[in-house]
Amino acid sequence: MSVLSLKNVTKRFGGLTAVDNVSFDIEQGEIFGLIGPNGAGKTTIFNLITSIYSITEGQVYFCDQKLERLKPFEIANMGITRTFQNIRLFKKLTAYDNVLTACHKSADYSIFSSIIRWFGKFKIQEKNLNKKTDELLKLMGLWEYRDIVASNLPYGLQRKLEIARALALDPKLLLLDEPAAGMNPEETMQLMELIREIREKFDLTVLIIEHHMDLIMGVCDRIFVLNFGIPLALGTPKEIQEDKKVIEAYLGKEEKNYAECQ
Ligand SMILES: Nc1ncnc2c1ncn2[C@@H]1O[C@H](COP(=O)(O)OP(=O)(O)O)[C@@H](O)[C@H]1O
Ligand SMILES: [Mg+2]
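Residues numbered from 1 in each chain as written. Chains lettered and ligands numbered in written order. Predicted model: local features only at pLDDT ≥ 70, side-chain atom pairs only at ≥ 80, totals over all residues.

J.: Explain the nonpolar core residue by residue, including any values.
T.: What tends to happen in soluble globular proteins is that the nonpolar side chains get buried as a cluster. Membership of the largest hydrophobic core comes to 72 residues, with the highest contact counts inside it found for Ala95, Val99, Ala164, Val206 and Leu207. Considering every element that reaches this core, the biggest residue donor is helix H6 (residues 155-168), with seven residues. A domain split of this core shows at least three residues from each of domain 1 (1-79 + 171-262) and domain 2 (91-170). Not counting the four nearest positions on each side in its chain, alanine 95 is found in contact with Leu137, Leu142, Tyr145, Arg146, Ile148, Ala150, Leu153 and Leu161. (Core = buried A, V, L, I, M, F, W, Y, C linked by C-beta atoms within 7 Å. Buried ≥ 20, exposed ≤ 12 C-beta atoms within 10 Å, placed from the backbone. Helix = DSSP H or I, 4+ residues; strand = E, 2+ residues; numbered from the N terminus. Domains from an automatic or database assignment. Contact = placed C-beta atoms within 7 Å.)

Pasting the structure below:
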């Protein structure tokens, strides 16, 4: 079964077609790459999936359910969470509290549970949320930074903290928008291992946008290439690396694109 299906999705901003008739299916457990030059429409696709933008034409399905007229928080509750190209953390909160607040969002706070909190359940739930926060921070290599305010963390660690927050919401599908931006080559390779590890541990499907080709080629099962909003290619990392159209439009200019992103 496909976890995510885009069927003939188009997004126009006035006269600009940012995403032009895009279709792809992502299978359960896949790590699926979305690449292309700056302005190709990659982040717009994330914004369409997460209902930040409305779709002009076409449909998006999540586990065979059509996503329409939903609010971004409803999409998150269904099991799609994301990180942002422009990091969106609670800058004044510690790393710990950034993750803990996300864990709270995923907790069960029905009226019934608020009433019985007086009988002890609330305390147990708090303890569980703290435990989950501890585990996520340790997994992401952030434990030693837990008391540091998010805005004081180096860029690479802020990106990892965003992933920890996204995981705290218990996603089935995780969308990562340039998670390695601002990381050095060693951190980037560690991130690649981490993405594999979280896929296994949380039984996730991952959709990832990245300009670091070592990471994309090393971690993805399949890759979709966009150019000016138009689908250019879909294939395994090997097929994409050898695709003449992709080399011409993007890979041959990789260094230039990468430099533009810094
Ligand atoms: N809210 C918006 N209003 C108008 N144009 C937009 C908006 N968001 C994105 N765009 C345009 O859509 C195109 C694709 O942008 P984007 O999806 O951010 O590209 P990428 O993530 O591949 O670099 C760009 O030309 C961008 O300027
Ligand atoms: Mg983008």
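J.: Before we move on, can you summarise the environment of threonine 101 with the specific residues and values?
T.: Relative to the assigned elements, threonine 101 resides in helix H3 (residues 95-106). Along the primary structure threonine 101 and alanine 168 are separated by 67 residues, whereas in three dimensions their C-alpha atoms are 8.9 Å apart.

J.: Break down the sheet that holds strand E7 (residues 173-177) for me, with residues and values.
T.: Read from one edge to the other, the open sheet built from six strands follows the order E6-E7-E8-E3-E9-E10, with strand pairing classed as mixed. A strand with exactly one partner marks an edge of an open sheet, and here the two such strands are strand E6 (80-82) and strand E10 (230-235). Direction aside, the axes of adjacent strands within the sheet are offset by 20 degrees on average. In the sheet, E6 pairs with E7 via three bridges, with the strands oriented parallel. (Pairing = 2+ DSSP bridges. Axes fitted to C-alpha atoms, helices over the stretch in contact; angles between N-to-C directions.)

J.: For the site of ligand 1, give the residues involved together with the corresponding values.
T.: Surveying the vicinity of ligand 1 reveals the residues Phe13, Leu16, Ala18, Gly36, Asn38, Gly39, Ala40, Gly41, Lys42, Thr43 and Thr44. Ranked by the residues each element gives to the shell around ligand 1, the list is headed by helix H1 (residues 42-49), at three residues. (Near = placed C-beta within 6 Å.)

J.: Lay out unusual backbone geometry with the relevant residues and their values.
T.: If you check the backbone angles, arginine 69 has positive phi at about 50 degrees while not being a glycine. Relative to the helices and strands, arginine 69 is located in the loop between strand E5 (65-66) and helix H2 (72-78). C-beta crowding within 10 Å serves as the criterion here: with 8 such atoms nearby, arginine 69 is assigned to the exposed category.

J.: Residue-level account of the pairing of strand E1 (residues 2-13), with values.
T.: Here E1 pairs with strand E2 (residues 16-27) via eight bridges, running antiparallel. If you follow phenylalanine 13 over to E2, its bridge partner there is leucine 16. Counted along the chain from E1 to the antiparallel partner E2, the turn is two residues long, and its residue glycine 14 has a positive phi close to 55 degrees. Here E1 pairs with strand E4 (residues 57-62) via five bridges, running antiparallel. The partner of leucine 6 across the bridge, within E4, is valine 60.

J.: I'd love a proper account of helix H7 (residues 185-202), names of residues and values included.
T.: The end-to-end C-alpha separation of H7 is 26 Å, in line with the 26 Å expected for 18 residues at 1.5 Å each. For H7, every residue scored as buried is listed here: Leu191, Met192, Ile195 and Ile198. The arc that holds every buried residue of H7, seen down its axis, measures 135 degrees, which confines them to one face. Looking at H7, the residues exposed on the side facing more than 90 degrees away from the buried face are Glu186, Glu193, Glu197, Glu200 and Lys201. (Expected span 1.5 Å × (residues − 1). Arc of directions from axis to C-beta.)

J.: Break down the sheet that holds E2 for me, citing the residues and quoting the values.
T.: Overall, antiparallel pairing links the four strands, which are arranged E2-E1-E4-E5 in an open sheet. The open sheet terminates on both sides in strands that have one partner only, identified here as E2 and E5. Of the strands in this sheet, E1, E2 and E4 are in contact with H1, which crosses E2 at around 65 degrees.

J.: Which residues make up the pairing of E4, and what values go with them?
T.: Of the strand pairs in this sheet, E4 and E5 are connected by two bridges, and their pairing is antiparallel. Note on E5: the bridge partner recorded for tyrosine 61 is lysine 66. Taking the residues that link successive antiparallel strands as the turn, the E4-E5 hairpin has two residues, and the phi of cysteine 63 there is positive, at about 50 degrees.

J.: Help me get a handle on H6, residues and values and all.
T.: The first and last C-alpha atoms of H6 sit 20 Å apart over 14 residues, in line with the 20 Å expected at 1.5 Å per residue. Of all 14 residues in H6, twelve are buried; the element is thus mostly enclosed. Where H6 is concerned, the buried positions are Leu157, Gln158, Arg159, Lys160, Leu161, Glu162, Ile163, Ala164, Arg165, Ala166, Leu167 and Ala168. Of the residues one or two after H6, aspartate 170 is the one with positive phi, at around 55 degrees.

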